[in-house]
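Residue-level listing of the chains:
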Amino acid sequence: MRTFNEKVWEVARHIPYGKVTSYGRIAKLIGAPQAAREVGWAMAALGNQPHGDAVPWHRVVNGEGRISISNHDHGADEQRRLLMAEGVLFDGDNDLKISGFTAILWSPSPVEIQHLLDEGAE
DNA sequence: CCCGTGACGGGGG
DNA sequence: CCCCCCGCCACGG
């Protein structure tokens, strides 16, 4: 629990099934409110991580509740598929905007986050 | 060292 | 709904 990326992954690892959050919200949770873009970079770097599959990257979307990953390699479709499998609904069949986004937002208590970052639970 | 590039976000038009 | 601009910051050329 030290580097920026490790903090991002540790927090993201705890997003509950069926819930979602945004890059910006994670940035704020780890005390780097201006680093939303870097959170996205951290998610992209998961592929090269040993236990990267333990992090539910698909539950992280942009602040408007819209999938913002590029779809040139069907990444967006994959994220949409994974979310729908958890009961997350979208505005339309071919839409990347989650319907009822604010209602399924993950809102961890500050205490919980503090604990995660301090203890570095694994 | 400068510069382009984003899985971002907020503000305006 | 769309588009643009700007601040942000790590990475790669």
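That block above? That's the structure.
Residues numbered from 1 in each chain as written. Chains lettered and ligands numbered in written order. Predicted model: local features only at pLDDT ≥ 70, side-chain atom pairs only at ≥ 80, totals over all residues. Heavy atoms only, no water.

Participant: Would you mind going over the overall build of chain A with me for this structure?
Facilitator: Helix and strand counts for chain A come out as five helices and two strands. For chain A, the sequential pattern of α-helices and β-strands runs α-β-α-α-β-α-α. Against the globule reference of 14 Å for 122 residues, chain A gives a C-alpha radius of gyration of 14 Å, in line with a compact fold. Each of the three principal axes of chain A carries a C-alpha extent, and together these read 40 × 30 × 25 Å. (Helix = DSSP H or I, 4+ residues; strand = E, 2+ residues; numbered from the N terminus. Rg over C-alpha atoms; globule rule 2.2 N^0.38 Å.)

Participant: Help me understand the protein's contact with DNA strand B, please; the structure alone is not making it clear to me.
Facilitator: Every one of the 14 residues lining DNA strand B counts as a neighbour, but Tyr23, Gly24, Arg37, Gly63 and Ser68 are closest to it. Each atom of DNA strand B within 4 Å of the protein was classed as base or backbone; sugar and phosphate made up 43%. Contributing elements (two or more residues each) for the surface near DNA strand B: helix 2 (23–29) and helix 3 (36–44). A total of six residues in the surface near DNA strand B trace back to one element, the largest contributor, which is helix 3. (Near = heavy atom within 4 Å.)

Participant: Could you clarify how one ought to interpret the protein's contact with DNA strand C in this entry?
Facilitator: What surrounds DNA strand C is the set Gln34, Arg37, Glu38, Trp41 and Arg66. Sugar plus phosphate, as a fraction of atoms of DNA strand C within 4 Å of the protein: 47%. The side chain of Arg37 places a nitrogen or oxygen atom 3.2 Å from a base oxygen of DNA strand C. In this structure, a base oxygen belonging to DNA strand C sits 2.6 Å away from a side-chain N or O atom of Glu38. (Polar contact = N/O pair within 3.5 Å; in protein donor to acceptor, adjacent residues only side chain to side chain.)

Participant: What is the right way to look at the packing of aromatic side chains in this model?
Facilitator: What the rule picks out here adds up to zero aromatic pairs. Geometry around Phe90 places Arg80 over its ring, the cationic atom sitting 4.9 Å from the centre. (Phe/Tyr/Trp six-rings, centres within 6.5 Å; stacked < 30°, edge-to-face > 60°. Lys NZ or Arg CZ within 6 Å of the ring centre and 35° of its normal.)

Participant: Help me out: how do you make sense of the nonpolar core in this one?
Facilitator: For soluble globular proteins, the rule of thumb is that nonpolar side chains tend to be buried together. Residues Val8, Trp9 and Met43 are the most contacted members of the largest nonpolar core, which totals 22 residues. When residues of this core are assigned to their parent elements, the largest contribution, four residues, is made by helix 1 (residues 4–12). With residues near it in sequence (within four places) discarded, Trp9 still touches Ala42, Met43, Ala45, Leu46, Gln49 and Val55. Within the second largest apolar cluster, ten residues are counted, among which are Ile67, Ala76, Phe90 and Leu105. (Core = buried A, V, L, I, M, F, W, Y, C linked by side-chain atoms within 4.5 Å. Buried < 20%, exposed > 50% of the residue type's maximum accessible area, 1.4 Å probe, protein only. Contact = heavy atoms within 4.5 Å.)

Participant: Explain the pattern of salt bridges here, please?
Facilitator: Oppositely charged side chains are able to pair whenever their charged atoms sit close together. Tallied over the full model, the rule gives four salt bridges. The closest approach of N and O atoms between Arg66 and Asp95, which form a salt bridge, is 3.7 Å. In this pair, Arg66 is assigned in the loop between strand 2 (60–61) and helix 4 (75–84) and Asp95 in the loop between helix 4 and helix 5 (110–119), connecting sequence segments 29 residues apart. (Salt bridge = Lys/Arg side-chain N within 4 Å of Asp/Glu carboxyl O.)

Participant: I tried to follow the packing of helix 1 against helix 3 on my own but got confused; where do I start?
Facilitator: The description of two helices packed together rests on the angle between their axes and the distance between the axes. Close contact between helix 1 and helix 3 brings their axes to 9 Å; oriented N to C, the two are set at 80°. In terms of orientation, helix 1 and helix 3 fall into the roughly perpendicular class. Only Glu38, Val39, Trp41, Ala42 and Met43 of helix 3 make contact with helix 1, whose side of the interface consists of Phe4, Asn5, Val8, Trp9 and Ala12. In terms of residue class, the contact of helix 1 with helix 3 is made up of eight nonpolar, one polar and one charged. (Axes fitted to C-alpha atoms, helices over the stretch in contact; angles between N-to-C directions. Parallel < 35°, antiparallel > 145°, perpendicular 65-115°, else oblique. Nonpolar A, V, L, I, M, F, W, Y, C, P; charged D, E, K, R; others polar.)

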